[in-house]
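Coordinate inspection notes
As a plain string of letters, each chain reads:
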Amino acid sequence: MYKIKDQALIKTCSYIAGNWQSSQTSFDVLNPATGETVAQVSDASVEEATLAVAAANKAFKAWSALPAHERAKLLRNWFNLMMEHQDDLARILTLEQGKPLAEAKGEIAYGAGFIEWFAEEGKRVYGDTIPSLSPNQKVIVTKQAVGVVASITPWNFPNAMITRKAAAALAAGCTFVVRPATQTPLSALAMAELAERAGIPAGVFNVVVGEDAVGIGQVLTTHPDIAKFTFTGSTAVGKILIKQCASTVKKVSMELGGNAPFIVFNDADIDEAVKGAIISKYRNAGQTCVCTNRIFVQKEVLASFTERFAVAVKNLQVGNGIEDDIQIGPMISSTAVDGVIKLVDDSISQGAILHTGGNRHHAGSHFYQPTVLTNVTPDMSVARNEIFGPVSPIISFDSEDEVIAMANNTEYGLAAYFYARDIGRVWRVAQALEYGMIGINESIISNVAAPFGGVKQSGSGREGSKYGLDDYLEIKYLCMGGISQ
Ligand code: SIN
């Protein structure tokens, strides 16, 4: 495969109980930039998913009993190996997912960073002693790994969306089964190869790659041996999975869809706002849950922002992400491109004005031109739906109250961004926005030390940061009596 130095990183079978498990049938992993087959991967079924759960269950007792610093050593080995193989992992990621190589390298460092972070955080799982109501009792609180964790992860961040969950789970003492998206299984399998080289015991980290999303999903959300389920993906699918988890009352954490507002107030530094909007909107070709979805600009600065923003958008280099200097790669599928075309066309028919872009890109069938729409109103489909593509709808506003109401008028609550300099406004707006994460004069807010997660229908639980371990731990209360003589 294209310039991968360590060919042993290319794995095409599920990784279960420390074995590479082939199946009778396989499916093609396609390069979204070219349509070429990158690899043929064994198609695991419900049977393999069940085996993976059994392997994780068997490995749980010994893994959870290891001292945290022993688990940390193995996690650190894994982190080191991922960074050593950053270039190869990034190439694999770009080939199957499409994002530009520089972004893919960034994702590997970001993803590996969670392993390093949680290796350390796992050593700091403290309990409590609580003053007792009785002289005859001691009240002690300890924390324990929840058990086997199952997860389903998306194609837009094939590496980091796995490590953000798996590293926290493993550091807490849980064992882990992941079904990665079938568009991007190679990144997950390469990580499994490195986990094995790092010395992570068989059964602790399992990867089940299979096209039977419903069947495998059913196992991972209903199997009685799974204690916790975690998902990153759309709100619609998240709701189905939460319902399925209810049958065995699993602990769940969900990182779901977004409809991020990006607000430019009249006291903003406009050049900074333009730079921020470009990064937040167009990274990963707009296929990010925290991507800017609606740009609100105060009337006084509408013309100057729009003019500078549109120039910057026109200058974005679109093409195959494996080539040098590309900033926007392909979208994941032709269906995804069709969805964006429909949103843009509908909005234009409802009165939006096409400022730049608005068509398929000549680079190939999965490419769409970076697009800017003006004269957009909040009721248009492009403003109500998660676009998940390289399209910026610009909506103008008069007052702070008006824009806060428009920004909050959505069932989503993942990320929001605003640019302003007035200190009173900064506090008022940060308080009023109903979102789990707010970028203030900043558009890249994700990092290992920060709690990632949403409110409303954008999900529950937090990933990364010191809070990211909580979802993988149970609080256990010990009441010790018979103390008084
Ligand atoms: C996502 O799209 O869900 C993750 C984005 C990020 O971690 O910044």
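See the structure above.
Okay, so let's go over this structure.

Calculation notes
Residues numbered from 1 in each chain as written. Predicted model: local features only at pLDDT ≥ 70, side-chain atom pairs only at ≥ 80, totals over all residues. Heavy atoms only, no water. Helix = DSSP H or I, 4+ residues; strand = E, 2+ residues; numbered from the N terminus. Rg over C-alpha atoms; globule rule 2.2 N^0.38 Å. Buried < 20%, exposed > 50% of the residue type's maximum accessible area, 1.4 Å probe, protein only. Contact = heavy atoms within 4.5 Å. Areas by Shrake-Rupley, 256 points an atom, 1.4 Å probe, with all protein chains shown as cover. Lys, Arg positive; Asp, Glu negative; His and termini not counted. Charge placed at Lys NZ, Arg CZ, Asp CG, Glu CD. Pairing = 2+ DSSP bridges. Right-handed = clockwise from strand over helix to strand, strands pointing away. Disulfide = S-S within 2.5 Å. Near = heavy atom within 4 Å. Polar contact = N/O pair within 3.5 Å; in protein donor to acceptor, adjacent residues only side chain to side chain. Nonpolar A, V, L, I, M, F, W, Y, C, P; charged D, E, K, R; others polar. Domains from an automatic or database assignment. Expected span 1.5 Å × (residues − 1).

**Focus: the overall build of the chain**
Helix and strand counts for the chain come out as 14 helices and 20 strands. The C-alpha radius of gyration of the chain comes to 23 Å, within 12% of the 23 Å expected for a compact globule of 485 residues. Taken over the C-alpha atoms alone, the chain extends approximately 75 × 60 × 40 Å along its principal axes. Counting across all 485 residues of the chain, residues that qualify as buried make up 57%. Pairs at least 24 apart in sequence give 73% of the contacts found in the chain among residues at least 6 apart. Within the structure as shown, the chain displays about 19,100 Å² of accessible surface, and the carbon and sulfur contribution to it stands at 52%. With 41 positive and 49 negative side-chain charges, the chain shows a spacing of 6 Å between the two charge centroids.

**Details of the pairing of strand E11 (residues 251–255)**
Residues in a regular strand project their side chains so that they alternate between the two faces of the sheet. Direction of pairing for strand E10 (residues 226–232) relative to E11: parallel, over a ladder of five bridges. Paired with Thr-230 across the two strands is Ser-253, which belongs to E11. In this view, the connection linking E10 to its parallel neighbour E11 by way of helix H8 (residues 235–246) has right-handed handedness. Across two bridges, E11 lies against strand E19 (residues 459–460) in antiparallel orientation. Residue pairing in the sheet places Glu-255 in a bridge with Gly-459 of E19.

**Observations concerning the state of the cysteines**
This structure, assessed with the given rule, holds zero disulfides. Cysteine Cys-291 remains unbridged, with the sulfur of Cys-289 as its closest cysteine sulfur at 8.6 Å. On the basis of relative accessibility, which here comes to 5%, the residue Cys-291 falls in the buried class.

**Thoughts on the site of the ligand**
As a matter of local geometry, the ligand sits amid Tyr-110, Asn-156, Phe-157, Met-161, Arg-164, Glu-255, Arg-283, Thr-288, Cys-289, Val-290, Ser-446 and Phe-452. Contacts to the ligand include Asn-156, whose side-chain N or O atom sits 3.2 Å from an oxygen atom. Between Cys-289 and the ligand, the recorded distance is 2.7 Å, taken from a backbone N or O atom to an oxygen atom. Considering the ligand on its own, with 260 Å² of exposed area, one finds that the protein chains cover 100% of that surface. For the shell around the ligand, the per-class residue count stands at six nonpolar, three polar and three charged. Two domains each put at least three residues into the shell around the ligand: domain 1 (7–257 + 457–477) and domain 2 (260–409 + 415–447).

**Observations regarding helix H10 (residues 299–314)**
Between the first and last C-alpha of H10 there are 23 Å, a value that for 16 residues agrees with the 22 Å anticipated at 1.5 Å per step. Looking at H10, one finds that the buried residues are Val-301, Phe-305, Thr-306, Phe-309, Ala-310 and Val-313. Tucked into the core, H10 has its buried residues touching strand E12 (260–264), helix H9 (270–282), strand E13 (292–298), strand E14 (353–356), strand E15 (371–374) and strand E16 (391–397).

**Details of the pairing of strand E17 (residues 415–419)**
Taken across its five residues, E17 has five buried, putting it largely inside the fold. Side-chain alternation along E17 places Ala-415, Tyr-417 and Tyr-419 on one buried face and Ala-416 and Phe-418 on a second face that is also buried. As judged from the three bridges shared by E12 and E17, these two strands associate in the parallel manner. The residue of E17 that forms the bridge with Ile-263 is Phe-418. Summarising the sheet, E17 and strand E18 (residues 437–440) pair through four bridges and their orientation is parallel. Paired with Ala-415 across the two strands is Met-437, which belongs to E18. This β-α-β element, E17 to helix H14 (residues 423–432) to E18, shows right-handed connectivity.

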